[in-house]
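So the chains spell out like this:
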Amino acid sequence: MPVSRLTYEHFIVGTAGHVDHGKSALIKTLTGIDPDRLPEEKARGITIDLGFAHLELPSPASADSSFQLGIVDVPGHEDFVKNMVAGVSSLDVALLVVAADDGWMPQTEEHLQILTYLGVARAVVALTKIDLAQDEGSTVEAIRERLRETRFAHAPIVPTSVVSGRGLDELKTTLAHVLAGTRPSRDIGKPRLPVDRIFTLPGIGTVVTGTLVDGGLRRGQTVVIQPSGKTARIRSLQSHGRDVETGGPGTRTALNLTDIRLEDIHRGNVVTLQTLGGPSEILDVLLEISPRAARGVKHGARVHAHYGSGSVAARVALYSGDELAVGGRALAQLRLDASAFVFAGDRFTVRDWAEQHTLAGGIVLDADASRHGFRSAKRYRCLARRAQSPADVAEFASSQIERDVGVRRSVLLLKSRFSAADVADAEARLVAAGQIVGAGDFVVDAGQWRTVRAKAAEAIDVYHAAHPEHVGLSLTGLRTALGADLPIEQALEALIGDLCRSDFTRVGKAVRRTAHRPALPAALQAAGETLRATLAAHPFDPPSRKDLTPDAAAERALRFLIESGEAVEISSEVVVSADNFTRAVDAVRAYLREHGPATMSDVRQMLGGSRRVVVPLLERLDRDGVTLRSGATRSLR
Ligand SMILES: Nc1nc2c(ncn2[C@@H]2O[C@H](COP(=O)(O)OP(=O)(O)OP(=O)(O)O)[C@@H](O)[C@H]2O)c(=O)[nH]1
Ligand SMILES: [Mg+2]
């Protein structure tokens, strides 16, 4: 008989609910693991910090697959809400615990709001201590009423008791059913492990744990700890108490790290990859306040921003107005007191300065914001577009390209919850739709690109009209002509490349219309004739450059002769006609071939030229690889 292979799907379940409502007792009974591990927790009979357990549930859909649940048990006491928040940033399902004898209480409500701010989509309600219920029916009704108009309005409510054992199997089945309709955590190739526990084990060293999100990590991999930027190597990984080769997104993961000391890593730090960018101090966000909240948030308020497993002191700056009212949403900036490693698309909560109330929550729209341009129309528009559709990668990409005009491909949405493939796909769609264009390493707003291209073409045409004798507009001249219209400095090359795909040609350090033929304008023709005659009359002893070009017209005519190849600039001071230059080179070659090594004065006598011309001529021939100098003599190379 073939052995069937079990497949596993990983999920994270977290408790929530008021103090003493039976969260930890329920987890212990369901899993056999006591999540309260601190002596102080045992002594006081309450949970203080996060506790962890795991559970395997058979999948209701198939006998060959099972659900692996990483469980986070949170404290319910109002003093420890900041610890609770650190545990629930990436839950697949919340287990909202309400004690039947106590009903809906302040932290039941606060936790519900936190789960909502953090984007937790599903919940199962455990109505615990049902053995103590006076009137089970009305207790269930009261909870259903509290859940009305929340995201969890239709969450199953399961009465349980760890004393009588009632409802425990039903709770497991209910969890499994809800998980069966839940998509497992996505792997976008950008692993982040927000650290929630750090400890050392004798003989093993530093171990950190957390809920791994957005990608996998493997044994032997080099990782970076953000925001410090320190690097470490993963010596080993564990998931649910077992050694594993790789950890996947959506799993509770423990990493044994080399090269890092206990004091170098803290709760809230993120273990991630070097390639995923660095931390930031200013976040542009969409801030939301629950309609059930007690108070609004004022512009300038000092708060604690909780993200991932960490928190940081911050100031709220609203993009408009002085206060965000209860039930409202607004674009805001969170100016952090310290740097944090955050992605666009991450959810966060905001608590008051005294850490007594949860004030608001929201989603990060730009993880690398800055004070510069705060409240500018450009920035506002970008954020408004993102806030409208926070899951739409194309909106995220095009809103940024529109705002910044051009963005380097390699960093476009790097620090976001979109995979590189998502971004590349969005880019291709935006190009196909004519909204953006690729320009070398950059993607550029199509409208802006058309403007800058037209401006470049015009600048070149204007230059040709003014200087028909020149081959074209120099690159520096082009750069100056474009001014601030060039979206990004590095896009100049791409722009020239684009121009050269149609009616333009690059010649050395200049660009011209392909059809442009340099010619001396009428006003310079006389000066040109004089120069030609002078250079022909004095083959190897032409007048100095200063005497050749007594005025601007002569200078422009000479430049034309040089650019068009009629004259050769053998040094900044000496110009000879191209014919004479060729004759000189041929003569030197023939002379050296016949007579062997020769000195400068041999060559001077042979050519009948002046020292002023022959010295730079020979130096030029050295540079061109015609002659080889050795002491005072030269020979053919
Ligand atoms: N009668 C009865 N007592 C229960 C039940 N579940 C828990 N308890 C008791 O309620 C008390 C609190 O239980 P915990 O599991 O510590 O509560 P908690 O929600 O984890 O508390 P915090 O973590 O501090 O918020 C303990 O004395 C439990 O024995 C139950 O189903 N029936
Ligand atoms: Mg507890």
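The rules behind each value
- Residues numbered from 1 in each chain as written.
- Chains lettered and ligands numbered in written order.
- Predicted model: local features only at pLDDT ≥ 70, side-chain atom pairs only at ≥ 80, totals over all residues.
- Heavy atoms only, no water.
- Helix = DSSP H or I, 4+ residues; strand = E, 2+ residues; numbered from the N terminus.
- Rg over C-alpha atoms; globule rule 2.2 N^0.38 Å.
- Buried < 20%, exposed > 50% of the residue type's maximum accessible area, 1.4 Å probe, protein only.
- Contact = heavy atoms within 4.5 Å.
- Areas by Shrake-Rupley, 256 points an atom, 1.4 Å probe, with all protein chains shown as cover.
- Lys, Arg positive; Asp, Glu negative; His and termini not counted.
- Charge placed at Lys NZ, Arg CZ, Asp CG, Glu CD.
- Donors = N, O, S within 2.8 Å, 3.2 Å for Na, K, Ca; no water.
- Near = heavy atom within 4 Å.
- Polar contact = N/O pair within 3.5 Å; in protein donor to acceptor, adjacent residues only side chain to side chain.
- Nonpolar A, V, L, I, M, F, W, Y, C, P; charged D, E, K, R; others polar.
- Phe/Tyr/Trp six-rings, centres within 6.5 Å; stacked < 30°, edge-to-face > 60°.
- Lys NZ or Arg CZ within 6 Å of the ring centre and 35° of its normal.
- Pairing = 2+ DSSP bridges.
- Axes fitted to C-alpha atoms, helices over the stretch in contact; angles between N-to-C directions.
- Parallel < 35°, antiparallel > 145°, perpendicular 65-115°, else oblique.
- Core = buried A, V, L, I, M, F, W, Y, C linked by side-chain atoms within 4.5 Å.
- 1 Å grid on protein atoms, 1.4 Å probe; cavity = no way out; pocket = protein on both sides within 12 Å on 5 of 7 lines; lining within 4 Å.
- Points joined across faces, edges and corners; volume = space filled by probe spheres on them.
- Domains from an automatic or database assignment.
- Arc of directions from axis to C-beta.

Enquirer: What is the right way to read the overall build of the protein chain from this model?
Expert: Regarding its fold elements, the protein chain presents 18 helices and 34 strands. Its C-alpha atoms give the protein chain a radius of gyration of 37 Å, more than 25% over the compact-globule value 26 Å for 637 residues. Based on the C-alpha atoms only, the size of the protein chain along its principal axes is roughly 120 × 55 × 55 Å. Each of the 637 residues in the protein chain was classed as buried or not, and the buried ones make up 51%. Relative to all contacts within the protein chain whose residues are 6 or more apart in sequence, the contacts with residues 24 or more apart total 68%. Of the roughly 28,300 Å² of accessible surface on the protein chain, a fraction of 51% belongs to carbon and sulfur atoms. Considering the protein chain, the positive charge centre built from 77 side chains and the negative charge centre built from 77 side chains are found 4 Å apart.

Enquirer: Whenever I open this one, the coordination of the magnesium ion (ligand 2) confuses me. Can you help?
Expert: The reference angle at a metal is 109.5 degrees if four donors form a tetrahedron and 90 or 180 degrees if six donors form an octahedron. Distances from the magnesium ion (ligand 2) to its protein donors, namely S24 (OG) and T47 (OG1), fall within the range 1.9 to 2.0 Å. Of this pair, S24 sits in helix α1 (residues 23-31) while T47 sits in the loop between α2 (39-44) and β2 (51-58), and the two are 23 residues apart along the sequence. Accessibility expressed as a relative area gives 12% for S24, which makes it buried.

Enquirer: Sorry, what's going on with the site of ligand 1 here?
Expert: Surveying the vicinity of ligand 1 reveals 18 residues, the closest of which are K23, S24, A25, T47 and D131. Measuring from an oxygen atom of ligand 1, one finds a side-chain N or O atom of K23 at 2.8 Å. Alone, ligand 1 offers 650 Å² of accessible surface; in the complex the protein occludes 79% of this. Partitioning the shell around ligand 1 into residue classes produces 7 nonpolar, 7 polar and 4 charged.

Enquirer: Could you clarify how one ought to interpret the packing of aromatic side chains in this entry?
Expert: Under the criterion given, the structure shown has 5 aromatic pairs. With a centroid separation of 5.3 Å and 70° between ring planes, the pair formed by F396 and F418 is classed as edge-to-face. Separated by 22 residues along the polypeptide, F396 in helix α8 (residues 393-404) and F418 in the loop between β24 (406-408) and α9 (420-432) bring together distant segments of the chain. Residue F396 shares its accessibility class with F418, and that shared class is buried. Grouping aromatic residues by their ring pairs yields a cluster made of Y319, F374 and Y380. Lying across the ring of F343, K190 places its NZ or CZ 6.0 Å from the centre. The ring centre of F343 lies 3.8 Å from the NZ or CZ of R192, which sits over that ring.

Enquirer: What is the right way to read unusual backbone geometry from this model?
Expert: Trans peptide bonds make up the majority, and among non-glycine residues the majority have a negative phi. Cis geometry marks the peptide bond from Q226 to P227; its omega dihedral reads 10°. Looking at where P227 falls in the secondary structure, it is placed in the loop between β10 (222-226) and β11 (230-239). Unusually for a residue other than glycine, D259 sits at a positive phi of about 60°. Within the secondary structure, D259 is located in the loop between β14 (251-258) and β15 (270-272).

Enquirer: Looking at this structure, how should I read the pairing of β10?
Expert: The side chains of a regular strand alternate, residue by residue, between the two faces of the sheet. For β10, the tally of buried residues reaches 4 of 5 residues, placing the bulk of the element in the interior. In this structure, β10 lies alongside β11, joined through 4 bridges in antiparallel fashion. Residue V224 lies in a different strand from β11, and its bridge partner there is T231. From the end of β10 to the start of β11, which pair antiparallel, there are 3 residues, and G229 there has a positive phi angle of about 80°. Across 3 bridges, the pairing between β10 and β15 is antiparallel. For V224, the partnering residue across the bridge sits in β15 and is T272.

Enquirer: I tried to follow the packing of helix α11 (residues 475-482) against helix α12 (residues 491-500) on my own but got confused; where do I start?
Expert: In a packed pair of helices, the relevant descriptors are the angle between the two axes and the axis-to-axis distance. Interaxial distance between α11 and α12 falls to 12 Å at its minimum, and their mutual angle equals 105°. Relative to α12, the element α11 lies roughly perpendicular. For the pair formed by α11 and α12, the contact residues are L475, L478, R479 and L482 on the first element and L492, L495 and I496 on the second. Within the contact of α11 with α12, the residues separate by chemical class into 6 nonpolar, no polar and 1 charged.

Enquirer: I would appreciate a short explanation of the nonpolar core in the present structure.
Expert: Generally speaking, a soluble globular protein has its nonpolar side chains buried in company with each other. Of all hydrophobic cores here, the largest spans 31 residues; its most connected members are M84, V88, L115, V125, I143 and L147. When residues of this core are traced back to their parent elements, those giving at least two are β1 (7-16), α3 (81-87), β4 (93-99), α4 (106-117), β5 (122-128) and α5 (136-147). Considering every element that reaches this core, the biggest residue donor is α3, with 4 residues. In this structure, V88 is in contact with T15, V74, I114, L115, L118 and V120, ignoring residues within four places of it in sequence. Counting 28 residues, the second-largest nonpolar core is a separate cluster that includes L283, V297, Y307 and A360.

Enquirer: Explain empty space enclosed by the protein here, please?
Expert: Rolled over the atoms, a probe as big as a water molecule pinpoints where empty space is left. Counted under the stated rule, the structure contains 3 cavities of 30 Å³ or more. Here the largest cavity defines a volume of roughly 80 Å³. Among the elements of the structure, α3 and β7 (192-201) are those that each provide at least two residues to the lining of the largest cavity. Here the residues of the lining of the largest cavity are counted per class, giving 7 nonpolar, 6 polar and 2 charged. Structurally, the lining of the largest cavity is a two-domain feature, drawing no fewer than three residues from each of domain 1 (7-180) and domain 2 (193-276).

Enquirer: Can you walk me through helix α17 (residues 600-607) in this structure?
Expert: An α-helix turns once per 3.6 residues; consequently, residues spaced three or four apart project the same way. By the burial criterion, the buried members of α17 are M600, V603 and L607. Around the axis of α17, the buried residues are gathered within 65° of arc, so they sit on the same side. For α17, the secondary structure elements touched by its buried residues are α16 (578-595), β32 (598-599) and α18 (611-623). Following α17 by one or two positions, G608 adopts a phi angle in the positive range, close to 75°.

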